[in-house]
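This is what each chain is made of:
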Amino acid sequence: MKILKFDLIIVGGGVAGLWTLNRAVQSGYNAILLEKDTLGGGQTIRSQGIIHGGTKYALNGVLTQASNTIKEMPQRWRDCLEGKGEIDLTDVNILSDAHYMWSKGSLGSKMTTFFATKAFRGRVEEVKKEKRPTVFQNKAFKGSLYRLNELVLDVPSVVDALRKPVEDRIYQYDFTQAEIEQNGEQISAINLQDNNLKLIPGKLLLTSGEGFEKIASQLKIEQPEMQRRPLHMVMVKHNHNLPTFAHCIGTGSKPVATITTHPCSDGKQIWYLGGDVAETGVDRSNEEQIAYAQKAISDLLPWIDLSTAEWRCLRVDRAEPKQSTLVRPDSAFAQQVGNCIVSWPTKLALSPDLADQALEFCQHNAENSSEPSELSELGKPATTQPVWETSFA
Ligand SMILES: Cc1cc2nc3c(=O)[nH]c(=O)nc-3n(C[C@H](O)[C@H](O)[C@H](O)COP(=O)(O)OP(=O)(O)OC[C@H]3O[C@@H](n4cnc5c(N)ncnc54)[C@H](O)[C@@H]3O)c2cc1C
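Small disclaimer: the values here were computed from a predicted structure and weren't measured.

Caption draft 1: Expanded view of the overall build of the protein chain. Assigned secondary structure in the protein chain consists of 10 helices and 19 strands. Taken over C-alpha atoms, the radius of gyration comes to 22 Å for the protein chain, in line with the 21 Å a tight globule of 393 residues would show. Along the longest, intermediate and shortest principal axes, the C-alpha atoms of the protein chain span 70 × 45 × 40 Å. Of all 393 residues assigned to the protein chain, the portion counted as buried reaches 45%. Contacts in the protein chain between residues far apart in sequence, at least 24 positions, make up 74% of those at least 6 positions apart.

Caption draft 2: The arrangement of the domain arrangement of the protein chain in detail. Taken domain by domain, the protein chain holds domain 1 (2–44 + 158–226 + 323–391) and domain 2 (95–153 + 228–319). Domain 1 and domain 2 are separated by 33 Å when their C-alpha centres are compared. Contacts between the two partners involve 12 residues from domain 1 and, on the opposite side, 13 residues from domain 2. Broken down by element, the side of domain 1 that touches domain 2 gets its largest block of residues, four residues, from helix H10 (residues 387–391). Here the side of domain 1 that touches domain 2 is composed, by residue class, of seven nonpolar, three polar and two charged.

Caption draft 3: How the structure looks around helix H1 (residues 15–26). With 12 residues, H1 extends 17 Å between its outermost C-alpha atoms, agreeing within 8% with the 16 Å of an ideal straight helix rising 1.5 Å per residue. Within H1, 10 of the 12 residues are buried, leaving the element largely enclosed by the surrounding structure. Every buried residue of H1 is accounted for by Val15, Ala16, Gly17, Leu18, Trp19, Thr20, Leu21, Asn22, Arg23 and Ala24. Trailing H1 by a residue or two, Gly28 shows a phi angle of about 90°, which is positive.

Caption draft 4: Fine view of the packing of H1 against helix H5 (residues 155–163). Direction vectors running N to C along H1 and H5 enclose 30°, while the axes themselves pass 9 Å from each other. It follows that H1 is roughly parallel to H5 by the angle criterion. Along this stretch, H1 crosses H5, giving a crossing that reads as left-handed. Judged by residue contacts, Val15, Leu18, Trp19 and Asn22 of H1 engage Val158, Val159, Leu162 and Arg163 from H5. Along the lines of polarity and charge, the residues of the contact of H1 with H5 split into six nonpolar, one polar and one charged.

Caption draft 5: Just the sheet that holds strand S3 (residues 50–51), in detail. Taken in spatial order, the three strands of this open sheet run S3-S8-S4, and their pairing is antiparallel. Across the chains shown, the open sheet's two edge strands, defined by having one partner strand only, are S3 and strand S4 (94–96). The pairing of S3 with strand S8 (residues 151–153) spans two bridges and is classified as antiparallel. Within the sheet, the bridge partner assigned to Ile50 lies in S8 and is Val152.

Caption draft 6: Spatial organisation of the site of the ligand. Around the ligand lies a shell of 40 residues, among which Gly12, Gly14, Gly42, Gly209 and Gly211 are the nearest. Taken together, the elements giving at least two residues each to the shell around the ligand come down to H1, strand S2 (31–35), helix H2 (43–46), strand S13 (226–238) and strand S17 (310–321). Tallied by class, residues from the shell around the ligand come to 14 nonpolar, 19 polar and seven charged. If you count residues domain by domain, the shell around the ligand takes at least three from each of domain 1 (2–44 + 158–226 + 323–391) and domain 2 (95–153 + 228–319).

Caption draft 7: Spatial organisation of unusual backbone geometry. A cis amide bond, omega 0°, links Gln223 with the succeeding residue Pro224. Locating Pro224 in the fold gives a position in the loop between helix H6 (212–219) and S13. Positive phi outside glycine occurs at Asn196, with the angle close to 55°. With respect to the element layout, Asn196 can be found in the loop between strand S11 (186–192) and strand S12 (197–206). On the basis of neighbour counts, which here come to 10 C-beta atoms within 10 Å, the residue Asn196 falls in the exposed class. For Thr346, which is not glycine, the phi dihedral falls at a positive 65°. Relative to the assigned elements, Thr346 resides in the loop between strand S19 (340–344) and helix H9 (351–360).

Caption draft 8: Spatial organisation of the environment of Leu21. Mapped onto the fold, Leu21 is located in helix H1. Overall, Leu21 belongs to the buried group, with 26 C-beta atoms counted inside 10 Å. For the pair formed by Leu21 and Ser373, sequence separation is 352 residues and the distance between their alpha carbons is 16 Å. Setting aside anything within four residues of it in sequence, one finds Leu21 in contact with Ile10, Ala31, Leu33, Val166 and Arg169.

Caption draft 9: Looking closely at the sheet that holds strand S16 (residues 269–274). As summarised here, the arrangement of the eight strands in space is S6-S7-S5-S14-S15-S16-S13-S17, forming an open sheet in which the pairing is mixed. Two strands in the sheet have a free side with no partner beyond their single neighbour: strand S6 (124–126) and S17. Neighbour to neighbour, the strand axes of the sheet diverge by 25° on average, direction disregarded. Two elements, strand S5 (residues 99–103) and strand S7 (residues 144–148), share five bridges in a ladder whose sense is antiparallel.

Caption draft 10: Representation of the pairing of S19 within the structure. Along S19, five of the five residues are buried, which leaves the element largely enclosed by surrounding structure. By the alternation rule, side chains of S19 split into Cys340, Val342 and Trp344 and Ile341 and Ser343, which are all buried. Examined bridge by bridge, S12 and S19 share three bridges and lie parallel to one another. Note that in S19 the partner of Leu204 across the bridge is Cys340. Here strand S18 (residues 333–337) runs beside S19; their pairing, made up of five bridges, is antiparallel. When the sheet's bridge partners are listed, Gln335 is paired in S19 with Val342. The hairpin turn running from S18 into S19, its antiparallel successor, is two residues long, and Gly338 in that turn takes a positive phi close to 60°.

Thresholds applied
Residues numbered from 1 in each chain as written. Predicted model: local features only at pLDDT ≥ 70, side-chain atom pairs only at ≥ 80, totals over all residues. Helix = DSSP H or I, 4+ residues; strand = E, 2+ residues; numbered from the N terminus. Rg over C-alpha atoms; globule rule 2.2 N^0.38 Å. Buried ≥ 20, exposed ≤ 12 C-beta atoms within 10 Å, placed from the backbone. Contact = placed C-beta atoms within 7 Å. Domains from an automatic or database assignment. Nonpolar A, V, L, I, M, F, W, Y, C, P; charged D, E, K, R; others polar. Expected span 1.5 Å × (residues − 1). Axes fitted to C-alpha atoms, helices over the stretch in contact; angles between N-to-C directions. Parallel < 35°, antiparallel > 145°, perpendicular 65-115°, else oblique. Left-handed = near helix turned anticlockwise from the far one by under 90°. Pairing = 2+ DSSP bridges. Near = placed C-beta within 6 Å.

So this is what it looks like as structure tokens:
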């Protein structure tokens, strides 16, 4: 068997693994990434691409101390998009420079007062009528509209930009196929028998999303545990040119619906619907979910004619650490178990925070100097297709 030693072996090529691989290489670590399927093909490509600053989580009127981590994320991403941040994301397509928050009537006075506080200065501002996005320019719109300092990104282009600088370190392999040599919690070797390769990891970083469940039983990791949060998302393909990026706020502390807009290769746009529609829709059949979403949209945006639109549903689980505070994740999760780092960003936006935390656990070792190209027989994973392309095909 060929023995290869690396400072860091990352399992899972979603946004978290790709971001951390870039940062690890920049920091001088000899790192590689193994992906079983396609890059970005898990939760990453199903995300709405919003770079949250935490405002959504403050809707109940409590801005926690911890939300400071998420508050920094929009600026960290903006720096990268402008070519002056930790990773060059200048090739990423920005779908919207801001995300909006709207309510059908006026926002409650408590909320308006709250948004006016110092904590929200620079993060939330009310939008004057003439500056509203086209979709809210209609006379029938009677509500209030706020602009959040949060970007919306085209996720396929994020995956591409993160892949390019580290392409030579990414290989296709399903980690659960490996035979593991363990000394207690310490992973001493990962044997890829079919390929006659023995990988020796300094650290093993698991950014495998829901794939963690299988890997946890393979490595006999009992803690931390993972939980799934199921969602039933809805996609609407229509003939309008109405880019919409907004949370619709009702009376509760969660958005009734979160709408983002994504370009399709045939020149049309899709509206991707999340928020309460998706969270409460888990027990509805596809037909029931579409009927529910149609009613919700005609209630929220009655002036938009969607009579010729095509509707599709998408079931997806969020994979997150099992912990009680999950309702409002405002920092990434990374925990060391032996030389293994178990992690979930919990939000695409929090990938920079996950990389910070994961790299804290890493150490340089001059012995870990194997060439990534020694893995070349494993082949390369493709980059995933957007779900709105595959669902309407
Ligand atoms: C519907 C939806 C909307 C969302 N919207 C937003 C949003 O607008 N903004 C935001 O910040 N966050 C959002 N999120 C959350 C965000 O998508 C996730 O937090 C983030 O994408 C997780 O990235 P990840 O890299 O950890 O996991 P994933 O993207 O799931 O990647 C895990 C990867 O690991 C690979 N893998 C698994 N097992 C193995 C194995 N055995 N061997 C090798 N590879 C393996 C998988 O194939 C996959 O590619 C959303 C999530 C969902 C579900």
